[in-house]
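Take a look at the letters that make up each chain.
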Amino acid sequence: MSICISTYCSIRNNQIKLNGEALLTKGVEVPFNEFIKSAYDLNASPYLKFFKMDDLCKLAFITSEFLLKNRKLSEQYGAENVSLLFANTSSSLDTDINYYNTVKDFASPSLFVYTLPNIMLGEISIRNKFKGENAFFVFDNFQADFLCNYATQLIREQKAKTVVIGWVELLNENYEAFLCLAEETPNGTELTNENLNKYYNG
Amino acid sequence: MKIVFAAQGNIISSMGFTAEENFSAMEQGRTGIQKITREDFLSFSFYASLVDDGKLNKKFSALGNHLNYTRLEEIFILSIADVIEKSGVDVKSENTLLIISTTKGNINLLEEENYGGFSEKRLLLAKMASEITRYFGMKNYPLVVSNACISGVLAIITAQRLIYSGQYDNVIVSGGDLVSEFTLSGFNSFKALSDEPCKPYDAARKGITLGEGCGTLLLTSNERLLNINDKKIKVAGGSVSNDANHISGPSRTGEELALAVSNAMKEAECGSAIDFISAHGTATAFNDEMESKAFSVAGLQNVPLNSMKGFFGHTLGAAGVIEAVVTLETMKRNVLLPSQGFQNSGVSEQLNIITQREKREVNTSLKTASGFGGCNAAVIFKSI
């Protein structure tokens, strides 16, 4: 069976799109915090850890909630077979700056813990009980070829049965999230460099 | 299937600027950890392992202009240059990739006025990495791994996979991080800093000691790049897992680290024949306890084990690579090094912690790491 993109979700310009269909749209004047809270409210199931997260994790978390709604990947594939492969440009710099601004006064441990980009993977893993391979890479811009090759290799070499591929970027109110699910399924678009780019740009 | 050889390595730390200098210092029982007073970092004295600025400036002057590179970039360049020189790897080839492993990169620029005279963009990890590839005239865009304290081990695993997949013949993995006000204040805010040199697995351990430096390791499918007299060692297996438990505390059972270990051992086809474990051993109460459970679950409680944090401190994104380079030296020299700072066991499961230097045949080694975000990684090196 070929490895396919079975579902994909993006959040940018205050709009959430799942498989190309808009689920929530807010005016561009709405600040990120307000927008992401409405996205949380729309998604229904309460999860109090959300309110402790930094903006980058909130963004990644909400995108994953929409992407994985109605799926129980840990039950379907086994927790150790669900993999997370994420990347972005600014690492955790947005929170790094916020944290560093607290240092002279009273260094904030609750901010410091978010000064690592892979905390996103931790939050999503905790929420969904994912225990498989996880990796975070940093690029200048979205690198479909690397992500596509790496995810394909994880599945082909039986290191994972499914891979959540993610690009989650946030710095100074500029943000963008794109997540997709790669798995062996007859129902989807083949995971290729071109298709990944197409969905990312769509 | 291709073989991915672990070729030449370099370490830059407070103990030296080559792998050999560092290993010799460790063999003599020296540690890089010292009491430091730096009021720009912390308002009180602390223990850390810092790279000597005078030596760094002197060595880098021979390679480039200080005005063009940040302190961390200079350390990276010196470390990578040593590996290139010793291996003769064609650094400008399309078949050669650089992987940079770091948690915080140039974060110290935040602490300096006007970013120390550098562009704000230097805070971006990919920008920092591309300055390094540009210095060496490398064709391929660098890959940056930033996955907390498993970054270095994950970078080695990623390199192995990229060579297996046929995308590259040579991957230079270089891990580096600095001690800064940023990291010190952060771990201090967590009450995780020890007020004496760290004591991994010890009953009296009080937390971590930070360190800075860089480790660089060449991985290659090209056997001719290996030193002719060295033991031939391959990267035989690697695996990563997540605890799915807590973002800043480890698993309660150690099962997830054990999962990464057993997956790596399966890939390495080494049965249970591990001769040496270079463990993570940060000297926090919870981490070391979790590791003892994990090694017990994996059936490795009798394998000689050390943590190198008592020598280098915790060098964050550099740790996995630095400790892998020492592990490879351990295998080449057949010398086990003691776990610096350890006296009496303070973990609930039995571990075979090395207490003195010992000559012993070491042909298969396991290197592990765990970090914030609940991540765990394991890699196996095997002589052939």
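Residues numbered from 1 in each chain as written. Chains lettered and ligands numbered in written order. Predicted model: local features only at pLDDT ≥ 70, side-chain atom pairs only at ≥ 80, totals over all residues. Heavy atoms only, no water.

1. Things to note about the interface of chain B and chain A
- Listed per partner, the contact involves 48 residues of chain B and 46 residues of chain A.
- In total, about 3900 Å² of surface goes out of reach between chain B and chain A, with carbon and sulfur atoms giving 62% of it.
- On the chain B side of the contact with chain A, Arg161, Phe182 and Ile247 of chain B bury the most area, a combined 16% of that side's loss.
- Linking chain B with chain A are five salt bridges.
- Examining the composition of the side of chain B that touches chain A, we find that seven residues originate from one element, helix 6 (residues 181–189) of chain B, more than from any other.
- Residue classes in the side of chain B that touches chain A are distributed as 23 nonpolar, 18 polar and seven charged.
- As defined by bridge partners, strand 5 (residues 134–138) of chain A adjoins strand 5 (residues 143–145) of chain B across two bridges and the pair is classed as antiparallel. Residue pairing in the sheet places valine 138 of chain A in a bridge with valine 144 of chain B of strand 5 of chain B. (Contact = heavy atoms within 4.5 Å. Buried area = accessible area lost by both parts, 1.4 Å probe. Salt bridge = Lys/Arg side-chain N within 4 Å of Asp/Glu carboxyl O. Helix = DSSP H or I, 4+ residues; strand = E, 2+ residues; numbered from the N terminus. Nonpolar A, V, L, I, M, F, W, Y, C, P; charged D, E, K, R; others polar. Pairing = 2+ DSSP bridges.)

2. Thoughts on the domain arrangement of chain B
All names here are of chain B.
- Taken domain by domain, chain B comprises domain 1 (5–225) and domain 2 (235–383).
- One C-alpha centre belongs to domain 1, the other to domain 2, and the line joining them spans 20 Å.
- Of all residues in domain 1, Phe23, Met26 and Tyr201 give up the largest surface area on contact with domain 2, accounting jointly for 18% of the area buried on that side.
- Summed over the shared surface of domain 1 and domain 2, the number is two salt bridges.
- Between arginine 205 and aspartate 288 there is a salt bridge, and its shortest N-O distance comes to 3.5 Å.
- Here domain 1 and domain 2 share 21 residue pairs in polar contact (both at pLDDT 80 or more) between them. (Domains from an automatic or database assignment. Polar contact = N/O pair within 3.5 Å; in protein donor to acceptor, adjacent residues only side chain to side chain.)

3. A closer look at the packing of helix 2 (residues 55–68) of chain A against helix 6 (residues 119–128) of chain A
All names here are of chain A.
- Two elements in contact, helix 2 and helix 6, have axes separated by 9 Å at closest approach and are oriented at 40 degrees. As judged from the angle between their axes, helix 2 and helix 6 are oblique. Both helix 2 and helix 6 take part in a crossing whose hand is right-handed. Counted together, Leu56, Cys57, Ala60, Phe61, Ser64, Glu65 and Leu68 of helix 2 and Ile119, Met120, Glu123, Ile124, Arg127 and Asn128 of helix 6 form the full contact between these two elements.
- For the contact of helix 2 with helix 6, a count of residues per class yields eight nonpolar, two polar and three charged. (Axes fitted to C-alpha atoms, helices over the stretch in contact; angles between N-to-C directions. Parallel < 35°, antiparallel > 145°, perpendicular 65-115°, else oblique. Left-handed = near helix turned anticlockwise from the far one by under 90°.)

4. Concerning the packing of aromatic side chains
- Applying the stated rule across the entire model yields 27 aromatic pairs over all chains.
- Pairing phenylalanine 60 of chain B with tyrosine 69 of chain B gives two aromatic rings, centres 5.8 Å apart and planes at 70 degrees, and the pair type is edge-to-face. Across this residue pair, the class does not change: phenylalanine 60 of chain B and tyrosine 69 of chain B are buried.
- Every member of this aromatic cluster is reached through a ring pair, and the members are Tyr99, Tyr100 and Phe112 of chain A together with Phe182, Phe187, Phe190 and Phe372 of chain B. (Phe/Tyr/Trp six-rings, centres within 6.5 Å; stacked < 30°, edge-to-face > 60°. Buried < 20%, exposed > 50% of the residue type's maximum accessible area, 1.4 Å probe, protein only.)

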